[in-house]
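Observations on chain architecture
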Amino acid sequence: MLARAEYQRQYRKTERGKSWLKLYRKSKKSKEYTLNWRLNNKDKTIACTRRNQEKSNLRTKLWRINNREKYLICKRLSDLKRMAHGRITLRTLNSVILNSNMICYLCGKIIFDKYHIDHIVPISKGGTNKKKNLALTHPICNRKKHNKFLWELELE
Ligand SMILES: [Zn+2]
């Protein structure tokens, strides 16, 4: 048995082994196994989670030190988001969807599948989460707009 376990360990280090492992980890069987293992090894799971949390906290701290400017911009953005008047409630969302007739306000075409809720005046430029400032867009159109005003987009 030991020899077999060792063989498997070696195999996982090869290219073929790695790609097999990648596929396996996505499978239902693997997920069930992980879930079961976590249930049976609660202490280990908690310890492991804590360890990872500590590592990730450290990484974040280091990143903030090394990317001070980026961090300040991100922080400003999230502060603005927090200050934007009110959160987007389900009721607001529903009425935005209803008013839009499932038409993208950026390109004017019908939205069949996925949609994004866009801030007409970007949050980073003082926009709010109120109904008037929200509109339905295609994910692609929204990504193109990013945090620009509509008139900035038309100038490009
Ligand atoms: Zn569109």
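Here the structure is a predicted model, which means the values were calculated and not measured.

**Notes on the overall build of the protein chain**
- Counting its secondary structure elements, the protein chain contains eight helices and two strands.
- Reading the secondary structure of the protein chain in the N-to-C direction produces α-α-α-α-α-α-β-β-α-α.
- Here the protein chain has a C-alpha radius of gyration of 24 Å; the compact-globule value for 156 residues is 15 Å, and the former is much larger.
- Viewed in the frame of its principal axes, the protein chain has a C-alpha envelope of about 70 × 40 × 35 Å.
- Residues counted as buried form 8% of the 156 residues belonging to the protein chain.

**Details of the domain arrangement of the protein chain**
- Examined at the domain level, the protein chain breaks down into domain 1 (2–66) and domain 2 (85–155).
- In this structure, domain 1 and domain 2 have C-alpha centres spaced 39 Å apart.

**So, the nonpolar core**
- Listed in full, the seven residues of the largest apolar core are C104, L106, I111, L134, A135, L136 and C141.
- At three residues, the largest contribution of residues to this core is made by strand β2 (residues 134–137).
- Setting aside anything within four residues of it in sequence, one finds C104 in contact with K109, I111, L136, T137, H138 and C141.

Rules used in this analysis
Sequence order as written defines the numbering, with residues in each chain counted from 1. The predicted nature of this model means local features are confined to residues of pLDDT at least 70 and side-chain atom pairs, given and counted, to a pLDDT of 80 or more, with totals for whole chains, interfaces and linings taken over all residues. A run of DSSP states H or I qualifies as a helix once it reaches four residues; a run of E qualifies as a strand once it reaches two. Both are numbered from the N-terminal end. Every radius of gyration here is taken over C-alpha atoms, with the globule rule written as 2.2 Å times N^0.38, N being the number of residues. Three classes are used. A residue is buried when 20 or more other C-beta atoms lie within 10 Å of its own, exposed when 12 or fewer do, and partly exposed in between, with C-beta atoms placed from the backbone. All domain edges in this entry derive from an automatic or database-based domain assignment. We call a set of buried Ala, Val, Leu, Ile, Met, Phe, Trp, Tyr and Cys residues a nonpolar core when their C-beta atoms link them within 7 Å. Our contact criterion uses C-beta atoms placed from the backbone: two residues qualify when those atoms are within 7 Å.

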